[in-house]
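# Fold and contact review
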Amino acid sequence: MILATKSGTPIIGQVASVMGWIMDGIYKMLDGLFGVQNLGLCIIIFSILIYLFMTPLQIKQQKFSKLSSVMQPELMAIQNKYKGKTDNDSMMRMNVETKAVYEKYGTSMTGGCLQLVIQLPIMLALYRVIYTIPAYVGQVKEYFLQVVYAITGAANAAALQEGAASKLVQFATDNNIPLTGMTTIGDLTGVTGEALANKMVDILYKLNPAQWTELGNAFPDAASVIAANSAVIEGMNSFFGINLATNPFNGSWVPNIAWLIPILAGLTQWLSSKLMMSAQSQPKQDDNSMGTQMMKQMNIIMPLMSVWFCFTFPAAIGIYWVASSVFMIIQQVIVNAYLNRVDIDEMIRKNVEKANKKRAKKGLPPQKINQNATASLKSMQAAAEKEEALRAEKLEKTKKQVEASNVYYNNDAKPGSIASKANMVAKYNEKHNK
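These numbers were taken from a predicted model, which means no experiment stands behind them. (Residues numbered from 1 in each chain as written. Predicted model: local features only at pLDDT ≥ 70, side-chain atom pairs only at ≥ 80, totals over all residues. Heavy atoms only, no water.)

## So, the overall build of the chain
In plain terms, the rule: In this text, helices come from DSSP runs of H or I with a minimum length of four residues, and strands from runs of E with a minimum of two, each type numbered from the N-terminal end. A simple rule labels every residue: compare its accessible area, found with a 1.4 Å probe on the protein chains alone, to the largest value its type can have, and call it buried under 20%, exposed over 50%, or partly exposed in between. Pairs of residues are marked as contacts when any of their non-hydrogen atoms sit within 4.5 Å. Accessible surface area values rest on a Shrake-Rupley calculation with a 1.4 Å probe, where residue burial reflects the displayed protein chains alone.
Secondary structure summary: the chain contains 16 helices and two strands in total. Counting every position in the chain, which comprises 434 residues, the buried fraction comes to 40%. In the chain, of all internal contacts separated by at least 6 residues, the share reaching a separation of at least 24 is 74%. Accessible area for the chain stands at about 24600 Å²; split by element, carbon and sulfur atoms hold 62% of it.

Now the structure itself:
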């Protein structure tokens, strides 16, 4: 996959092209209306627009999570019913009963997957666009192409022949510029024309300010063109003194301002995860259960992974990560407030109505609408609480009987002494001789 040619899997490539069109439009708007040529600001606006577009999917996902918490007691009851049974008949019956629970609530076992399936290519396309901005933002790419033409002597991209980029590849190797991305961009065998120009742009996009200066020294005939265009490129890539094309971790353990990006990325993702979990209103679970422990571990591991990735990826990725996480936090607060006002029974009724319309098209009978799902859940919880109260009452009664027995048989004697045992025998005989 050649990054600058926007190739790859058809779906992701097409989505990335749309994302690139949006990014290019934002850049042109900022430049045209405000005279601002800054990719950091462009990325932030881009992130907000994309997540605004995905808000309906986010609400659907959260509704499914809220509904899942209501279904959970019934699903757990089915799992406990067939616990330890691994024969085929038991497994089939468990699947049938589980499916019936989902149908009763007007959803399916894959109800939460559709939103994820839709979001996945969008997310992958987003990273591709942010990772290779010159491939998608024409005005930005033009500055890099001027450098390509200057160091190769070509009049345009079509004039580039195989081997024209050999000196640039050698320069990148000598200066430890990584020639790997989603693919090896340093492999230029048989590449010519526009494809070669695109790969050279990919390499140039990885240069930091100091390396641009070294590039001018390596190509003295093109030094003036390199200096003029690199100054514009550096300005576009500078965001609060951070170069967006370089990694926050530059090989030195001395902290710098760019370290704020991965730190903020981890903190914002952790807070976003906490807010998302609070929206699900899960019933009280055992804190030592496997599912609970796994969820706690993921809430720690994922933010730490964000920190690691944002240290090693170009700062542009980190800016996008932080901007999207901050927006998701704001979005989640609003979604949580909305979901708190949603009536579960009404949501279930609407779900069942939609499901019945689909069943009618297939010639299937309608499912019975569960008009009192929350009452059903409360009833199950009340039954469990009553059972626990009876168990506690029996334990307390047994405890009092033991205490009364000890007082009776150990009266005026030290418990466990010979005297207490003699009293016990005497009182036993006295009791049974009456």
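Read on, since the account is not over.
## A short note on the pattern of salt bridges
Rules: Each salt bridge in this description consists of a side-chain nitrogen of Lys or Arg and a carboxyl oxygen of Asp or Glu lying within 4 Å of one another.
All chains considered together, the criterion is met by five salt bridges. Lys 28 is paired through a salt bridge with Asp 24; the nearest N and O atoms lie 3.2 Å apart. Placement of the pair is Lys 28 and Asp 24 together in helix α1 (residues 10-34), with a separation of four residues, close to one helical turn. You can call Lys 28 partly exposed: its relative accessible area is 45%. Of the charged contacts in the structure, one is a salt bridge between Lys 81 and Glu 97, with a shortest N-O distance of 3.2 Å. Of this pair, Lys 81 sits in helix α3 (residues 55-81) while Glu 97 sits in helix α4 (residues 88-104), placing them 16 residues apart in sequence. Here Lys 81 falls in the partly exposed class, since its relative accessible area comes to 48%. Through salt bridges with shared partners, one network takes in Glu 346, Arg 349 and Glu 353.

## What to know about the nonpolar core
Selection rule: Only buried Ala, Val, Leu, Ile, Met, Phe, Trp, Tyr and Cys residues count toward a nonpolar core, and they belong to the same one when joined by side-chain atoms within 4.5 Å.
Counting 75 residues, the largest nonpolar core has Met 19, Ile 43, Phe 46, Leu 204, Trp 212 and Leu 215 as its most contacted members. Here this core takes nine residues from helix α13 (residues 315-340), the largest share from any one element. Beyond its immediate chain neighbours, meaning those up to four positions away, Ile 43 contacts Met 23, Ile 130, Ile 133, Leu 244, Ala 316, Ile 319 and Tyr 320. Grouped together as the second largest cluster of nonpolar side chains are 17 residues, Tyr 105, Val 335, Leu 339 and Ile 344 included.

## Remarks on helix α9 (residues 209-218)
The test is simple: The arc under discussion is defined with respect to the helix axis, by the directions toward the C-beta atoms. Contacts described as polar in this section are N or O atom pairs within 3.5 Å, which, within protein, must combine one atom able to donate a hydrogen with one able to accept it, while residues neighboring in sequence count only if both atoms come from side chains.
Three or more residues of α9 are buried, namely Gln 211, Trp 212, Leu 215 and Gly 216. For α9, the angular spread of buried residues about the axis comes to 150 degrees, placing them on one side. α9 presents Ala 210 and Asn 217 as exposed residues on the side facing more than 90 degrees away from its buried surface. Residues of α9 that are buried in the fold lie against α6 (138-152), α7 (166-174), α8 (193-204) and α10 (223-237). For α9, the N-terminal capping position is held by Asn 208, with its side-chain oxygen 3.1 Å away from the main-chain nitrogen of Ala 210.

## Description of helix α2 (residues 39-53)
To keep things clear, this is the line we draw: Expected helix span is taken as 1.5 Å per residue step, with the number of steps being one fewer than the number of residues.
End to end, α2 covers 21 Å across 15 residues, agreeing with the expected 21 Å (1.5 Å per residue, within 8%). Looking at α2, one finds that the buried residues are Leu 39, Gly 40, Cys 42, Ile 43, Phe 46, Ser 47, Ile 50 and Tyr 51. Each buried residue of α2 lies within a common arc of 155 degrees when the element is viewed along its axis, so the set occupies one face.

## Overview of a positive patch on the surface
Which entries qualify depends on this criterion: Only residues whose relative accessible area exceeds 30% and that form no salt bridge enter a patch; like-charged residues are grouped when within 9 Å of one another, and nonpolar side chains (Val, Leu, Ile, Met, Phe, Trp, Tyr) when within 5 Å. Working convention for charge: Lys and Arg count positive, Asp and Glu count negative, and His plus the chain ends are omitted. One atom stands in for each charge, and that atom is NZ of Lys, CZ of Arg, CG of Asp or CD of Glu.
On the surface, a cluster of positive charge is made up of Lys 60, Lys 99, Lys 350, Lys 354, Lys 357, Lys 358, Lys 361 and Lys 362. Ranked by residues supplied to the positive patch, first place goes to helix α14 (residues 344-361) with five residues. In this fold, Lys 354 is placed in helix α14.

## Some details on the packing of aromatic side chains
Keep this limit in mind: When the centres of two rings from Phe, Tyr and Trp lie within 6.5 Å, Trp using its six-membered ring, the rings pair. Their planes under 30 degrees apart give stacked, over 60 give edge-to-face, and anything left gives tilted.
All told, the structure shown has 10 aromatic pairs when counted by the stated rule. Measuring from ring centre to ring centre gives 6.1 Å for Tyr 127 and Trp 321, while their planes differ by 65 degrees; the resulting arrangement is edge-to-face. Of this pair, Tyr 127 sits in helix α5 (residues 113-131) while Trp 321 is found in helix α13, placing the two residues 194 residues apart along the sequence. Accessibility expressed as a relative area gives 24% for Tyr 127, which makes it partly exposed. Assessed through its relative accessible area of 13%, Trp 321 is described here as buried. Ring pairing ties together the aromatic residues Tyr 127, Phe 309, Phe 313, Tyr 320 and Trp 321, which thus form one cluster.

## Here's the deal with a nonpolar patch on the surface
Together, Phe 240, Ile 257, Leu 260, Ile 263, Leu 264 and Leu 267 line one region of the surface with nonpolar side chains, adding up to about 610 Å² of accessible area. By the element assignment, Phe 240 lies in the loop between β1 (238-239) and β2 (242-243).

## Remarks on the confidence of the model for the chain
We count it as follows: The predictor's confidence in any single residue is recorded as pLDDT, a number from 0 to 100.
For the chain, the mean per-residue pLDDT works out to 81, and 79% of the residues sit at or above 70. With pLDDT under 50 throughout, residues 282-286 is counted as low confidence; its partners more than four residues away or in other chains account for five contacts. Here residues 370-377 scores under 50 on pLDDT; set against residues more than four positions off or in separate chains, the count is 13 contacts.

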